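Tertiary structure, described
Chain by chain, the residues:
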Amino acid sequence: MAAEHGVGFEPADRLAEDRDSARRRFWRKLKRVAAHLPFTEDLLAAYYCAFDRQTPRHVQASLLGAIAYFILPFDFIPDVMPVLGFTDDAAILATAIRMVASHITSEHREAARAALTRGVDEAEE
């Protein structure tokens, strides 16, 4: 998929090709930082949309690129910086969501809310 609809960012392209690794790394990082993110529900909705088999490939590629930016260890603004650390992640996610908003369904949003209600530790698939 990445070669067909590459996001133009080699580490993200590789991550998009290895969906199992992307899933594991996503949940690992989300568990660590969820309490500090004001956009956790949007991030989870994007995650569920990206891994939904009904989602078109180009939408999956866009969302996986944003998710890859969130989970990969390098950033324009390091995540460990108080307050500012996740602003670049939020901006990239917001841009990706705006680009594909019509594909993020109420089911994806409901799954995100349910995951948050259950708790991130129990939500991992």
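Up top you'll find the structure we're talking about.
First, a word on scope: everything that follows refers to the structure included in this document.

Thresholds applied
Residues numbered from 1 in each chain as written. Predicted model: local features only at pLDDT ≥ 70, side-chain atom pairs only at ≥ 80, totals over all residues. Heavy atoms only, no water. Salt bridge = Lys/Arg side-chain N within 4 Å of Asp/Glu carboxyl O. Helix = DSSP H or I, 4+ residues; strand = E, 2+ residues; numbered from the N terminus. Phe/Tyr/Trp six-rings, centres within 6.5 Å; stacked < 30°, edge-to-face > 60°. Buried < 20%, exposed > 50% of the residue type's maximum accessible area, 1.4 Å probe, protein only. Lys NZ or Arg CZ within 6 Å of the ring centre and 35° of its normal.

For the coordinates displayed, the defined rule picks out two salt bridges. For the salt bridge of D42 with R109, the shortest nitrogen-to-oxygen distance reads 3.0 Å. Placement of D42 in helix 3 (residues 40-50) and of R109 in helix 6 (residues 106-118) is noted, with a sequence separation of 67 residues between them.

As a further point, take the packing of aromatic side chains. The full count for this structure, using the stated rule, is six aromatic pairs. Ring plane angle 85° and centroid distance 5.4 Å describe the contact between F26 and W27, whose orientation is recorded as edge-to-face. In this structure, F26 and W27 share a single accessibility class: buried. With centroids separated by 4.3 Å and ring planes inclined at 10°, the aromatic side chains of F26 and Y47 adopt a geometry described as stacked. Here F26 is found in helix 2 (residues 19-33), whereas its partner Y47 is found in helix 3, with 21 residues between them in sequence. Overall, the relative accessible area of 1% leaves Y47 in the buried class. Each member of the aromatic cluster is reached from another via a ring pair, and the members are F26, W27, Y47, Y48, F51 and F70. Between K29 and the ring centre of F70, over which it is positioned, the NZ or CZ distance is 4.9 Å.

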